[in-house]
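Observations on chain architecture
Each chain, letter by letter, is given below.
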Amino acid sequence: MRICKQCQEVMLEGFDIKVEWGGYGIKISDGTGIFAKRLEKPKVAICPKCGEISLYIENVDKMDKR
Ligand SMILES: [Zn+2]
(Lines give C-alpha, C1' and ligand atoms only; values in the text may rest on other atoms or scores of the structure.)
Protein backbone atom coordinates (compact mmCIF):
# COMPACT_ATOMS: atom_id res chain seq x y z
CA MET A 1 0.00 0.00 0.00
CA ARG A 2 1.32 3.41 -0.92
CA ILE A 3 0.53 6.61 0.90
CA CYS A 4 0.56 9.96 -0.87
CA LYS A 5 3.54 12.08 0.07
CA GLN A 6 1.50 15.25 -0.19
CA CYS A 7 -1.67 14.46 1.67
CA GLN A 8 -1.24 11.01 3.25
CA GLU A 9 -4.16 9.61 1.28
CA VAL A 10 -4.05 5.93 0.23
CA MET A 11 -2.99 5.83 -3.42
CA LEU A 12 -4.52 3.75 -6.21
CA GLU A 13 -1.85 1.41 -7.52
CA GLY A 14 -1.11 -0.68 -10.56
CA PHE A 15 -1.52 1.75 -13.42
CA ASP A 16 0.61 1.26 -16.52
CA ILE A 17 2.72 3.94 -18.14
CA LYS A 18 2.03 4.65 -21.76
CA VAL A 19 3.70 7.17 -23.99
CA GLU A 20 1.17 8.95 -26.12
CA TRP A 21 1.42 8.45 -29.89
CA GLY A 22 3.63 5.45 -29.48
CA GLY A 23 2.39 2.99 -26.94
CA TYR A 24 5.97 2.06 -26.21
CA GLY A 25 5.78 2.46 -22.50
CA ILE A 26 8.97 3.06 -20.64
CA LYS A 27 11.38 0.77 -18.89
CA ILE A 28 13.77 1.44 -16.10
CA SER A 29 17.22 0.13 -16.91
CA ASP A 30 20.52 0.00 -15.15
CA GLY A 31 23.14 1.50 -17.40
CA THR A 32 22.85 2.40 -21.07
CA GLY A 33 23.29 0.67 -24.40
CA ILE A 34 22.74 -2.96 -25.28
CA PHE A 35 24.33 -4.21 -22.13
CA ALA A 36 21.94 -2.37 -19.91
CA LYS A 37 20.19 -4.68 -17.57
CA ARG A 38 16.46 -4.64 -18.04
CA LEU A 39 14.63 -4.04 -14.87
CA GLU A 40 10.97 -4.22 -14.23
CA LYS A 41 8.55 -2.03 -16.05
CA PRO A 42 7.52 0.68 -13.62
CA LYS A 43 3.98 0.97 -12.41
CA VAL A 44 2.18 4.10 -11.37
CA ALA A 45 0.23 4.89 -8.25
CA ILE A 46 -2.17 7.81 -8.28
CA CYS A 47 -3.51 9.77 -5.36
CA PRO A 48 -7.28 10.10 -5.76
CA LYS A 49 -7.32 13.24 -3.66
CA CYS A 50 -4.63 15.54 -5.03
CA GLY A 51 -3.51 13.79 -8.22
CA GLU A 52 0.04 13.12 -7.09
CA ILE A 53 1.57 10.27 -9.06
CA SER A 54 4.29 7.98 -7.90
CA LEU A 55 6.37 5.54 -9.93
CA TYR A 56 7.32 2.25 -8.40
CA ILE A 57 8.68 -1.17 -9.31
CA GLU A 58 6.70 -4.18 -8.22
CA ASN A 59 9.42 -6.78 -7.83
CA VAL A 60 12.19 -4.86 -6.14
CA ASP A 61 13.75 -8.06 -4.81
CA LYS A 62 14.73 -9.06 -8.38
CA MET A 63 17.12 -6.14 -8.54
CA ASP A 64 20.79 -6.41 -7.74
CA LYS A 65 21.57 -4.57 -4.61
CA ARG A 66 25.03 -3.11 -4.80
ZN1 LIG B 1 -2.44 13.22 -2.39
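The following refers to the structure shown.

Brief notes about unusual backbone geometry
- Backbone geometry places Q8, a non-glycine residue, at a positive phi of 60 degrees.
- Structurally, Q8 can be placed in the segment before strand 1 (12-16).

Side note on the coordination of the zinc ion
- Those protein atoms acting as donors to the zinc ion are C4 (SG), C7 (SG), C47 (SG) and C50 (SG), and they sit at 2.2 to 2.4 Å.
- For the zinc ion, the four donor atoms in the first shell make angles of 105 to 118 degrees at the metal, so the coordination geometry reads as tetrahedral.
- In primary-sequence terms, the residues that donate to the zinc ion follow C-x2-C-x39-C-x2-C.
- Taking relative accessible area as the criterion, C50 reaches 42% and is therefore assigned partly exposed.

Details of the environment of E52
- When you line up the elements, E52 lands in the loop between strand 4 (43-46) and strand 5 (53-56).
- In contact with E52, not counting residues within four places along its chain, are C4, K5, Q6, M11, A45, I46 and C47.

A closer look at the pattern of salt bridges
- Within the structure shown, the criterion is met by two salt bridges.
- Note that K49 is salt-bridged to E9, the shortest N-O span being 4.0 Å. Pair noted here: K49 is in the loop between strand 4 and strand 5 and E9 is in the segment before strand 1, with a separation of 40 residues, a long-range link.
- According to the relative accessible area criterion, E9 is partly exposed, its value standing at 31%.
- For K43, the salt bridge is made with D16, and the minimal N-O distance between the two is 3.1 Å. Placement of K43 in strand 4 and of D16 in strand 1 is noted, with a sequence separation of 27 residues between them.
- On the basis of relative accessible area, K43 is assigned to the buried category, the value being 19%.
- By relative accessible area, which is 43% here, D16 ends up partly exposed.

Calculation criteria
Residues numbered from 1 in each chain as written. Predicted model: local features only at pLDDT ≥ 70, side-chain atom pairs only at ≥ 80, totals over all residues. Heavy atoms only, no water. Helix = DSSP H or I, 4+ residues; strand = E, 2+ residues; numbered from the N terminus. Donors = N, O, S within 2.8 Å, 3.2 Å for Na, K, Ca; no water. Tetrahedral: all angles 85-135°; square planar, octahedral: opposite > 155°, others 65-115°. Buried < 20%, exposed > 50% of the residue type's maximum accessible area, 1.4 Å probe, protein only. Contact = heavy atoms within 4.5 Å. Salt bridge = Lys/Arg side-chain N within 4 Å of Asp/Glu carboxyl O.

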